[in-house]
Amino acid sequence: MLCIIQSRMNSKRFPNKALINICGIPLLQRVINRISFSDRVSSIFVATSNKKSDDPIALFCRNNKVKCFRGSLNNVTDRFKKLLISQKADAFIRINGDSPLIDYELINIAIDYFKNESCDIVTNIFPRSFPKGQSVEVLKSETFIKVCEMDLNSDQKEHLTKIYYDFPEKFKIFSFTSGGNYSNINMCIDNFFDKEKIESIINKLKDNNIGWKKLCQLY
(Lines give C-alpha, C1' and ligand atoms only; values in the text may rest on other atoms or scores of the structure.)
Protein backbone atom coordinates (compact mmCIF):
# COMPACT_ATOMS: atom_id res chain seq x y z
CA MET A 1 0.00 0.00 0.00
CA LEU A 2 1.08 3.56 -0.70
CA CYS A 3 2.39 5.45 2.33
CA ILE A 4 2.49 9.26 2.28
CA ILE A 5 4.64 11.20 4.72
CA GLN A 6 3.48 14.77 5.23
CA SER A 7 6.44 17.11 5.72
CA ARG A 8 7.34 20.79 5.53
CA MET A 9 10.12 23.10 6.66
CA ASN A 10 8.15 26.13 7.87
CA SER A 11 6.82 24.74 11.13
CA LYS A 12 5.86 27.67 13.34
CA ARG A 13 6.86 25.94 16.58
CA PHE A 14 10.10 24.41 15.26
CA PRO A 15 11.26 25.88 11.93
CA ASN A 16 13.30 23.55 9.67
CA LYS A 17 12.68 20.58 11.95
CA ALA A 18 11.90 18.27 8.99
CA LEU A 19 15.59 17.71 8.32
CA ILE A 20 17.07 18.38 11.73
CA ASN A 21 19.60 15.73 12.79
CA ILE A 22 18.36 13.26 15.39
CA CYS A 23 21.44 11.43 16.69
CA GLY A 24 23.18 12.05 13.37
CA ILE A 25 20.27 11.08 11.09
CA PRO A 26 17.79 13.58 9.59
CA LEU A 27 14.32 13.43 11.16
CA LEU A 28 12.66 12.66 7.82
CA GLN A 29 15.06 9.79 7.17
CA ARG A 30 14.28 8.29 10.57
CA VAL A 31 10.56 8.33 9.75
CA ILE A 32 11.24 6.65 6.40
CA ASN A 33 13.48 4.04 8.05
CA ARG A 34 10.81 3.08 10.58
CA ILE A 35 8.07 2.82 7.95
CA SER A 36 10.33 0.72 5.73
CA PHE A 37 10.22 -2.13 8.27
CA SER A 38 6.64 -2.80 7.15
CA ASP A 39 6.33 -5.41 4.42
CA ARG A 40 2.81 -4.15 3.71
CA VAL A 41 4.04 -0.76 2.49
CA SER A 42 4.78 -0.97 -1.24
CA SER A 43 5.74 2.64 -1.89
CA ILE A 44 6.71 5.67 0.20
CA PHE A 45 6.18 9.25 -0.94
CA VAL A 46 7.11 12.46 0.84
CA ALA A 47 4.41 15.06 0.21
CA THR A 48 5.73 18.57 0.68
CA SER A 49 4.90 22.00 -0.68
CA ASN A 50 6.00 23.67 -3.90
CA LYS A 51 7.30 26.69 -1.98
CA LYS A 52 10.99 27.59 -2.05
CA SER A 53 11.17 26.98 1.68
CA ASP A 54 10.65 23.27 1.01
CA ASP A 55 13.33 22.98 -1.68
CA PRO A 56 15.65 21.35 0.93
CA ILE A 57 13.12 18.52 1.40
CA ALA A 58 12.92 17.97 -2.35
CA LEU A 59 16.72 17.98 -2.55
CA PHE A 60 16.97 15.51 0.33
CA CYS A 61 14.54 13.18 -1.44
CA ARG A 62 16.40 13.44 -4.72
CA ASN A 63 19.78 12.75 -3.09
CA ASN A 64 18.41 9.78 -1.15
CA LYS A 65 16.26 8.34 -3.95
CA VAL A 66 13.04 8.97 -2.05
CA LYS A 67 9.88 9.67 -4.04
CA CYS A 68 8.68 13.23 -3.56
CA PHE A 69 5.50 15.06 -4.56
CA ARG A 70 5.05 18.80 -4.24
CA GLY A 71 1.81 20.77 -4.04
CA SER A 72 -0.02 23.47 -2.15
CA LEU A 73 1.51 24.56 1.16
CA ASN A 74 -1.69 25.23 3.10
CA ASN A 75 -4.21 23.17 1.12
CA VAL A 76 -2.79 19.81 2.14
CA THR A 77 -5.94 17.96 1.03
CA ASP A 78 -5.36 19.18 -2.51
CA ARG A 79 -1.69 18.19 -2.31
CA PHE A 80 -2.62 14.65 -1.33
CA LYS A 81 -5.44 14.46 -3.87
CA LYS A 82 -3.13 15.28 -6.77
CA LEU A 83 -0.59 12.75 -5.55
CA LEU A 84 -3.24 10.04 -5.28
CA ILE A 85 -4.55 10.77 -8.76
CA SER A 86 -1.04 10.67 -10.21
CA GLN A 87 -0.39 7.28 -8.57
CA LYS A 88 -3.88 5.85 -9.14
CA ALA A 89 -3.85 4.55 -5.58
CA ASP A 90 -6.99 2.93 -4.18
CA ALA A 91 -5.92 3.65 -0.60
CA PHE A 92 -3.07 5.25 1.31
CA ILE A 93 -1.44 5.47 4.72
CA ARG A 94 -0.84 8.92 6.12
CA ILE A 95 2.09 9.46 8.51
CA ASN A 96 3.34 12.76 9.92
CA GLY A 97 6.94 13.67 9.17
CA ASP A 98 7.67 14.51 12.81
CA SER A 99 7.27 10.92 14.08
CA PRO A 100 10.78 9.39 14.21
CA LEU A 101 9.68 6.48 16.42
CA ILE A 102 6.56 5.43 14.49
CA ASP A 103 5.90 1.72 15.06
CA TYR A 104 5.65 -0.20 11.78
CA GLU A 105 3.50 -2.84 13.49
CA LEU A 106 0.80 -0.23 14.08
CA ILE A 107 0.95 0.51 10.36
CA ASN A 108 0.51 -3.20 9.63
CA ILE A 109 -2.42 -3.44 12.04
CA ALA A 110 -4.12 -0.44 10.44
CA ILE A 111 -3.65 -1.85 6.93
CA ASP A 112 -5.06 -5.24 7.98
CA TYR A 113 -8.10 -3.58 9.52
CA PHE A 114 -8.62 -1.54 6.36
CA LYS A 115 -8.53 -4.66 4.19
CA ASN A 116 -10.94 -6.54 6.45
CA GLU A 117 -13.41 -3.76 7.24
CA SER A 118 -15.61 -1.81 4.84
CA CYS A 119 -14.68 1.73 5.82
CA ASP A 120 -13.53 5.13 4.60
CA ILE A 121 -10.78 5.50 7.18
CA VAL A 122 -8.97 3.38 9.75
CA THR A 123 -7.54 5.46 12.57
CA ASN A 124 -5.94 5.12 16.00
CA ILE A 125 -6.55 8.74 17.04
CA PHE A 126 -10.36 8.83 17.29
CA PRO A 127 -10.20 8.77 20.25
CA ARG A 128 -6.46 8.99 20.90
CA SER A 129 -5.15 6.28 23.19
CA PHE A 130 -1.68 5.79 21.68
CA PRO A 131 1.22 8.19 22.28
CA LYS A 132 1.51 11.22 20.05
CA GLY A 133 3.96 10.30 17.33
CA GLN A 134 2.32 6.87 16.94
CA SER A 135 -0.59 8.13 14.85
CA VAL A 136 -1.62 6.02 11.87
CA GLU A 137 -4.44 6.63 9.41
CA VAL A 138 -5.39 4.54 6.36
CA LEU A 139 -7.81 6.19 3.96
CA LYS A 140 -9.90 5.06 1.03
CA SER A 141 -8.82 7.22 -1.91
CA GLU A 142 -12.24 7.37 -3.57
CA THR A 143 -13.84 8.85 -0.46
CA PHE A 144 -10.92 11.18 0.19
CA ILE A 145 -11.02 12.62 -3.35
CA LYS A 146 -14.74 13.30 -2.90
CA VAL A 147 -13.97 14.97 0.44
CA CYS A 148 -11.55 17.29 -1.36
CA GLU A 149 -14.45 18.60 -3.45
CA MET A 150 -16.46 19.56 -0.37
CA ASP A 151 -16.69 23.12 0.95
CA LEU A 152 -13.83 22.76 3.41
CA ASN A 153 -12.70 25.48 5.77
CA SER A 154 -9.02 26.46 6.08
CA ASP A 155 -8.39 24.09 9.02
CA GLN A 156 -9.92 21.15 7.16
CA LYS A 157 -7.78 21.91 4.12
CA GLU A 158 -4.61 22.06 6.21
CA HIS A 159 -5.41 19.06 8.44
CA LEU A 160 -6.63 16.61 5.85
CA THR A 161 -8.46 14.15 8.11
CA LYS A 162 -10.12 16.76 10.31
CA ILE A 163 -13.28 16.69 8.21
CA TYR A 164 -13.73 12.98 9.05
CA TYR A 165 -13.61 13.66 12.77
CA ASP A 166 -15.70 16.83 12.55
CA PHE A 167 -18.53 14.90 10.88
CA PRO A 168 -18.10 11.23 11.86
CA GLU A 169 -21.72 10.47 10.99
CA LYS A 170 -20.95 11.08 7.30
CA PHE A 171 -18.14 8.52 7.08
CA LYS A 172 -17.44 4.89 7.86
CA ILE A 173 -14.73 5.20 10.51
CA PHE A 174 -12.98 2.20 12.02
CA SER A 175 -10.99 3.09 15.12
CA PHE A 176 -8.62 0.87 17.07
CA THR A 177 -7.17 1.64 20.49
CA SER A 178 -4.16 0.71 22.60
CA GLY A 179 -6.20 -0.93 25.33
CA GLY A 180 -5.13 1.81 27.72
CA ASN A 181 -4.46 5.54 27.71
CA TYR A 182 -1.00 6.62 26.59
CA SER A 183 -2.11 9.91 25.07
CA ASN A 184 -0.07 11.91 27.58
CA ILE A 185 3.18 10.54 26.09
CA ASN A 186 4.69 12.57 23.26
CA MET A 187 6.94 10.76 20.77
CA CYS A 188 6.69 13.35 18.01
CA ILE A 189 8.93 16.39 17.67
CA ASP A 190 7.21 19.74 18.16
CA ASN A 191 10.05 21.66 19.79
CA PHE A 192 13.69 21.44 20.85
CA PHE A 193 12.81 19.81 24.18
CA ASP A 194 11.08 17.00 22.27
CA LYS A 195 14.22 16.57 20.17
CA GLU A 196 16.38 16.11 23.27
CA LYS A 197 13.87 13.68 24.77
CA ILE A 198 13.71 11.55 21.60
CA GLU A 199 17.49 11.56 21.29
CA SER A 200 17.83 10.29 24.87
CA ILE A 201 15.48 7.42 24.00
CA ILE A 202 17.27 6.58 20.74
CA ASN A 203 20.62 6.50 22.55
CA LYS A 204 19.23 3.72 24.76
CA LEU A 205 17.93 1.61 21.88
CA LYS A 206 19.60 -1.64 20.94
CA ASP A 207 16.90 -2.50 18.38
CA ASN A 208 16.03 0.14 15.79
CA ASN A 209 12.55 -1.24 15.18
CA ILE A 210 11.51 -1.56 18.83
CA GLY A 211 7.75 -1.37 19.36
CA TRP A 212 5.73 1.46 20.88
CA LYS A 213 5.09 -0.28 24.22
CA LYS A 214 8.79 -0.74 24.95
CA LEU A 215 9.38 2.83 23.81
CA CYS A 216 6.86 3.95 26.42
CA GLN A 217 8.90 2.18 29.08
CA LEU A 218 12.03 4.03 27.94
CA TYR A 219 10.09 7.29 27.83
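Heads up: these notes are all about the structure in this document. These numbers were taken from a predicted model, which means no experiment stands behind them.

**Some points on the packing of aromatic side chains**
Summed over the entire model, instances satisfying the criterion amount to 10 aromatic pairs. Relative to Trp 212, the ring of Tyr 182 has its centre 5.0 Å away and its plane inclined at 80 degrees; by these criteria the two rings are edge-to-face. In this pair, Tyr 182 sits in the loop between β9 (173-175) and α8 (192-202) while Trp 212 sits in helix α9 (residues 212-218), placing the two residues 30 residues apart along the sequence. Among the aromatic residues, those joined into a ring-pair cluster are Tyr 113, Phe 130, Phe 174, Phe 176, Tyr 182 and Trp 212. Between the NZ or CZ atom of Lys 170 and the centre of the ring of Phe 167, over which it lies, the distance is 4.8 Å. Stacked on the ring of Tyr 219, the Lys or Arg Lys 197 has its end atom at 4.8 Å from the ring centre.

**Quick look at the layout of surface pockets**
A volume near 950 Å³ is recorded for the largest pocket. Along the walls of the largest pocket sit 34 residues, with Arg 13, Arg 94, Asn 96, Asp 98 and His 159 positioned nearest its centre. Of all the secondary-structure elements, those providing two or more residues to the lining of the largest pocket are α3 (76-87) and β6 (91-96). Here the lining of the largest pocket gets 3 residues from one element, more than from any other, and that element is β6. Partitioning the lining of the largest pocket into residue classes produces 9 nonpolar, 12 polar and 13 charged.

**Regarding the environment of Phe 80**
By secondary structure assignment, the location of Phe 80 is in helix α3. Taking C-alpha positions, Phe 80 is 15 Å from Asp 155, a pair spaced 75 residues apart along the chain. Non-local contacts of Phe 80, meaning those with residues more than four positions away in its chain, are made with Ile 4, Gln 6, Ala 47, Phe 92, Arg 94, Phe 144 and Leu 160.

**Examining the environment of Ile 35**
The residue Ile 35 is located in helix α1 (residues 27-35) in this model. In this structure, Ile 35 is in contact with Cys 3, Ile 5, Val 41, Ile 44, Ile 95, Ile 102 and Ile 107, ignoring residues within four places of it in sequence.

**Digging into the pattern of salt bridges**
Applying the stated criterion across every chain yields a total of 14 salt bridges. With its nearest N and O atoms 3.2 Å apart, the salt bridge here joins Lys 81 to Glu 149. With a gap of 68 residues between them, Lys 81 in helix α3 and Glu 149 in the loop between α5 (141-148) and α6 (154-158) connect regions that are remote in the sequence. Glu 142 is the partner of Lys 146 in a salt bridge, and the nearest nitrogen-oxygen pair spans 3.7 Å. Of this pair, Lys 146 and Glu 142 both sit in helix α5, 4 residues apart, which is roughly one turn of the helix. Three or more residues joined by partner-sharing salt bridges are found here, namely Arg 13, Lys 17, Asp 98 and Asp 190.

About the thresholds
Residues numbered from 1 in each chain as written. Predicted model: local features only at pLDDT ≥ 70, side-chain atom pairs only at ≥ 80, totals over all residues. Heavy atoms only, no water. Phe/Tyr/Trp six-rings, centres within 6.5 Å; stacked < 30°, edge-to-face > 60°. Helix = DSSP H or I, 4+ residues; strand = E, 2+ residues; numbered from the N terminus. Lys NZ or Arg CZ within 6 Å of the ring centre and 35° of its normal. 1 Å grid on protein atoms, 1.4 Å probe; cavity = no way out; pocket = protein on both sides within 12 Å on 5 of 7 lines; lining within 4 Å. Points joined across faces, edges and corners; volume = space filled by probe spheres on them. Nonpolar A, V, L, I, M, F, W, Y, C, P; charged D, E, K, R; others polar. Contact = heavy atoms within 4.5 Å. Salt bridge = Lys/Arg side-chain N within 4 Å of Asp/Glu carboxyl O.

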